Structure formats: structure tokens, C-alpha cells
Amino acid sequence: MEKVYSRTTGIREDMVNGFCPGCMHSTIIKLIGEVLDEMDIMDKAVGVLGIGCCGLHMEYMTYDNTTAPHGRACAVATGIKRANPDSLVYTYQGDGDFASIGLGESVSAANRGENITVIFVNNGIYGMTGGQMAPTTLFGMKASTAPKGRIAEEHGYPMHMCEILNQLTAPAYLERTSCNTPANVMKTKKAIRKAFENQLNGKGFSMVEIISNCPTNWGVEPLDSLTFIEEKMLPEYPLGVIRDK
Amino acid sequence: MARVFMKGCEAIAEAAVRAGCRFFAGYPITPQNEIPEYFARRMPEVGGIFVQGESEVASINMVYGAGSTGTRSMTSSSSCGISLKSEGISYCASARIPMVFANISRGGPGVGSIHPAQQDYLQATKASGNGGFEMLVFAPSTVQEAIDMTYNAFEYAQRDRNPVLILCDGVIGTMMEPVKLPEMKTDEEVAAFKEGNKEWACIGHGKDVKRSWIEPGHWRGQEDANIEAAAMYETWDKDVQVEEYLVEDAQIVIAAYGISARVAKSAIDILRKEGIKVGLIRPITVHPFPYHSFEKLDYSRVKAILDVEMSIPAQLIYDVKLGVNNRCPIETCLRSGGQIMSRDAVLDAVRKLNEK
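Residues numbered from 1 in each chain as written. Chains lettered and ligands numbered in written order. Predicted model: local features only at pLDDT ≥ 70, side-chain atom pairs only at ≥ 80, totals over all residues. Heavy atoms only, no water.

Caption draft 1: Geometry of the overall build of chain A. Secondary structure assignment for chain A yields 9 helices and 7 strands. Relative to the 2.2 N^0.38 estimate, which gives 18 Å for 245 residues, the radius of gyration of chain A is 17 Å and therefore close to what a compact globule would have. For chain A, the spread of C-alpha atoms along the three principal axes comes to 50 × 45 × 30 Å. A total of 245 residues make up chain A; the buried ones form 59% of that total. Just so you have it, chain A exposes about 9600 Å², and 54% of that area is on carbon and sulfur atoms. (Helix = DSSP H or I, 4+ residues; strand = E, 2+ residues; numbered from the N terminus. Rg over C-alpha atoms; globule rule 2.2 N^0.38 Å. Buried < 20%, exposed > 50% of the residue type's maximum accessible area, 1.4 Å probe, protein only. Areas by Shrake-Rupley, 256 points an atom, 1.4 Å probe, with all protein chains shown as cover.)

Caption draft 2: Inspection of the overall build of chain B at higher detail. Along chain B, the regular secondary structure elements total 13 helices and 15 strands. Taken against the 2.2 N^0.38 rule, which gives 21 Å for 356 residues, the C-alpha radius of gyration of chain B at 21 Å falls within 12% of a compact globule. Dimensions of chain B, computed from C-alpha atoms along their principal axes, come out at roughly 75 × 45 × 40 Å. Put simply, 81% of the contacts in chain B that link residues at least 6 apart link residues at least 24 apart. Carbon and sulfur atoms form 52% of the exposed surface of chain B, whose accessible area is close to 13800 Å². Taken together, the 38 basic and 45 acidic charged side chains of chain B have centroids lying 2 Å from each other. (Contact = heavy atoms within 4.5 Å. Lys, Arg positive; Asp, Glu negative; His and termini not counted. Charge placed at Lys NZ, Arg CZ, Asp CG, Glu CD.)

Caption draft 3: The interface of chain B and chain A, seen in detail. Each partner contributes residues to the interface: chain B has 32 residues there, and chain A has 38 residues. Surface buried jointly by chain B and chain A totals about 2800 Å² across both partners, of which 57% is contributed by carbon and sulfur atoms. Across the chain B-chain A interface, the total number found is 9 residue pairs in polar contact (both at pLDDT 80 or more). Breaking the side of chain B that touches chain A down by element, the ones donating at least two residues are β3 (49–52), α3 (56–68), α4 (80–95) and β9 (213–214) of chain B. The element best represented in the side of chain B that touches chain A is α3(B), accounting for 7 residues. The residue makeup of the side of chain B that touches chain A, split by class, is 17 nonpolar, 9 polar and 6 charged. Sheet analysis places strand β2 (residues 64–67) of chain A next to β9(B), joined by 2 bridges and oriented parallel. Considered in β9(B), the bridge of A:Thr66 is made with B:Ile214. (Buried area = accessible area lost by both parts, 1.4 Å probe. Polar contact = N/O pair within 3.5 Å; in protein donor to acceptor, adjacent residues only side chain to side chain. Nonpolar A, V, L, I, M, F, W, Y, C, P; charged D, E, K, R; others polar. Pairing = 2+ DSSP bridges.)

Caption draft 4: Spotlight on the pattern of salt bridges. Taken as a whole and assessed by the stated rule, the structure comprises 33 salt bridges over all chains. Across the salt bridge formed by B:Glu243 and B:Arg282, the nearest N and O atoms sit 2.6 Å from each other. In this pair, B:Glu243 sits in strand β10 (residues 242–245) while B:Arg282 sits in strand β12 (residues 278–283), placing the two residues 39 residues apart along the sequence. Within this structure, A:Glu34, A:Glu38, A:Lys189, A:Arg193 and A:Glu197 form a network of salt bridges that share partners. (Salt bridge = Lys/Arg side-chain N within 4 Å of Asp/Glu carboxyl O.)

Caption draft 5: Structural context of the side chain of A:His57. If you trace the backbone, A:His57 turns up in the loop between β1 (45–49) and β2. A residue is classified by how much of its surface remains accessible, and A:His57, at 1% relative accessible area, is buried.

Caption draft 6: Quick look at the pairing of strand β6 (residues 206–211) of chain A. Residues and elements named next belong to chain A. Most of β6 is tucked away: 6 of the 6 residues are buried. Judged by which residues are buried, β6 turns out to be covered on both faces: Ser-206, Val-208 and Ile-210 on one side and Met-207, Glu-209 and Ile-211 on the other are all buried. Where strand β4 (residues 117–122) and β6 come together, 6 bridges link them in parallel fashion. From the neighbouring strand, Val-118 faces β6, where its bridge partner is Met-207. Sheet topology note: the strand β5 (residues 173–178)/β6 ladder contains 6 bridges and is parallel. If you follow Glu-175 over to β6, its bridge partner there is Val-208. At this point the chain moves from β5, through helix α7 (residues 182–200), to the parallel β6, and the crossover so formed is right-handed. (Right-handed = clockwise from strand over helix to strand, strands pointing away.)

Distances and angles like these do not, on their own, reveal function.
Here's what the structure looks like:
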């Protein structure tokens, strides 16, 4: 019988992942592992994990990884990649990490065209710390630090990182995907693969922004979180390739 | 080897290159700009990497990343810039990443002044970041010492897999002196350093071998990690370095480090000709501190300690007090805010003490 699917070798078999039920981190981490398997580059891979839920999977990974201080993943990845160019170096960061505290490191690494890959998981909220407002929180969306919901006059506007980085000359590839449907999961996997291939081909900074969910802190059932992505998140963060050069 | 005339900051950078440092990231701040500028010119000549980070915060994290690959790595800054690096330094200590950094210290607190000072003693020796980690901290009083300490710092960093700090005041950083440069490590030696770190380095091991897991936090064994680190710190007694100058018969003992010690030493030579029995204890490692040099003094002879430093309030004095343990009075001779310690100030202070 032909084997058409198997568990990625990038995740330990003796561990059960500890993400909340319905959380898309599990899916995204699996996709990264699958791409590394399929490209046969697990022995080159170095993951630089952000602080927050992003760092939760450090124990499940079977390949090299480190954890950066909050927001500094792109700087740490810069150091690793420059000092060891043969490694395949990617960061795995949430919206608080990449777009708030790490904005300087994120924009600067992109502007230098660092030959790294950023997997930016945007669920519009701080997960691990308990649902505080993020720079990507939608208008009207309630957060523990915006109990009446986000309003422009007080909190500013949701930040569109792909579009912000698209103002720069250096980035090679910027795509926004989601994991809310099987078709989008496959598109996300394809985008991750392309971003990794870009790095191996020396094309420079590539980022895949993945619109994700947080059933726990959104206060919705996992299935309803998919509807929320479709109806609320995607109109604000339209999917597609923003830059491919 | 012939002597060359070099500025402290540039000499530190050259010493690092000769020790095999092949990654430097830094950010401009006076009075240490000559360090990143020198690396920017020098690194391409030796196949090394120089990155001007977008901030001190980014620079230390680049070094955290480069150090994680087993590459000899360095950063530098000055005072308030070091404060910005402190989170990353703590991460390096926690993850046991070898790296070297230099603080060419200036006035403080806050932005302070750009002029030389010794206002960072307690930060450097007691808490260069959160979490209670420790580092070897070397305090040069000449450009030659800054070179030798930087060169050796990479060996200590490698030995312990721990950050090492060169606590250098702005005087040593910006003055020029004739110096002898240490031997250049060969390309083969530099490659061997990195190869030797391969087992733990975060460079891509793959699924079939033990992965490298750089842990700045130890979720399942933080206490064990802290116990292991503390045990390593306990081995540092052997690394204590101190200069004792004319202490054997001294009735007044000056405690000073860095440029203040050098100024004090020149005052001692004058005071000795006046018949005043004065000596100097100069911590060369300010952490671990040479408490023993103060503990072993004959306090039936020593009538006072004079703490000389470019810091107001005094900071070195806390370690001196621990060594002296109330066995004689401790007076101070202090400057601050970018004012360099003068020999006349030391002369006056010792003469007054001698008259008491």
C-alpha cells in the first residue's frame, strides 16, 4: 500500500502538544516540519522562537532551536545566519513579538534584506499573557487591556505588517495566508516552502504572515474562531502575495 | 614584537580579532565608537562579520545569535548602552553562550556625560541584567592591559560558556599608548574553536542526532540550571587577579581600580618620597573581587583605607568594606560627572589622612 501521509519528523513522537484546543499553532508547526522533511533540510534548520505561545513548542521540536528575548528574534536570527550562512534560519513570532516590541528589529532586518525567513503568526491578540490588546487587534475587538474594544482614537489602527514591509526595497517575498480552511492550509504550506527556498537561493528576507486564531482569548469555540477569521480578520488582513521578486 | 601606538578602543578591537573573534555587532555611542568603526574596517580582512545593529538591543541579540553558533563573538557599548544590552546579556548567561563585551564607561546615571567615569561598578559586578547571574569582570588600567584582558577574555568565555565583561573607563578607551599586540590566531585555530563548539551550537543538527537546544529559560529545571551555574561561579576563586603595590609596610592603603588606580599609583611614588607609608590594592578582576587582599592586611599597622574612584556616590567601597570588615576607617577620594581623578586630589587626601 502506498504511504500518502506520515507524521513530520520535526515534532517529537513522545510529546503531546500543549496548545489550547483548536489553536492553529499546532497546524503551522506541523506544516513547517513537513516542509523541512520534504525539502530534506531538517539538518540545516534552526528555529528562532519568539516569546509567548510561539515559544511553547520548543520542547516538541526535534531540530535545533533557540528562544529570543521578546521581539528580538530577527536580530538573533541575523546573528545566527551571518555567523553560519549554511543554516536555514527562520523566526517564529507572534504579533506582539514581531509587530509591537520587536518592530525595530523586524523592520531593520527586512530593510537589510537579511537572508532569513520570518513565520509571523497574527491572531490579533496576546495569547500566553491572557488576551491583551496587540497592534493587530481589530476595531471593536475586546481585549483584557481594551475592555470596551479597540478604538482608533485611543489605540490607533490595526497594523498591516506585510504592507508596511512592502514599503521597503529589500524584502524578497511577503505573503499573507491563513489556516482557516484546508485550501488555505495548503497555500500556507506552499508559502512556507517558497520562503525557505528563497533563503536557500540567497534571495534575502522572506516573510509569511499567517492569520491565525486564539479561541481561548477570543472567547469563542474553535469552530466559531474559523468564522471569525473569515468574517472579521480577512477583510482587515486580505490574503495574497504582497511581494515576490 | 615591535611596539605600536594605539588607542584603547582600537586596541581592544584588534586584540579581539587576534583572539579569533569573527563576529561583532554594535551601535554608536561615545566614547566607544572606535571599537565598531575598527571592526567595520578589520573584519572583512579576516573573513569575519561586522554588523551595525539598529540599536544596542539588536546588537547584543545578534551576538547572542552568533555566539549560539559557536563563533567567537563580541559587542561593546558605554554605560546607558550597556543598560539596554542587559536583557540580552542575561539571556547569554542563562543560555550559557560564550561572548565578550566591553563597557567603555561614561558618566551617569541616565545619559550622564560622554566623559570618562567609573559609575557602572555595581551594575558590572553585581547585576548586569536580571536573574542573579555572574560574570568574570576585568578592569584594565592601561591600554596594554585592555589588550591582554580582551585577548584572554575569549578563552575564559569559552572555558565557562559564559559572558565576560571588560569594564574599561573612557580614559583607557580613548587614550593612546605604545603597546605590544598578542599573536594572531591562525585561520585553522579559529575554525577549530567553532568546530569544538559544534556539539552544543545552534547550527542545524537534524533529527538523527541530539539537537541543539539553546535555552535562555529552563522551564523544567530552572533550579537545576541555577545550581549548575552557581557551582561554576564557585570555581572562580582561582581567577582572582589583584595588584598589591607597596602594601607590605603601608599605614594607608588606597583601594582603586582602572584609571583611578593608575593615577593613585603615581601619587604613591611622590608620597613615599615624603616618607608617607602608603600602598595600593588594585583589583584587576573586579568580579570575583580580591577580598583576601584586604582581609590579610595587618590592621595593627594599617590605620586607614582610602577608596579612590571616579564615582559619586562611591561604589567600589561596598566590596572594600566587606574585605576590611570594620577593622579600620575607610575614607574616600571621589570624582564624578566626567571629571577625571587627579593626582593632586589623591595627594591631598593621603596627606590629610596621614596627619590624623
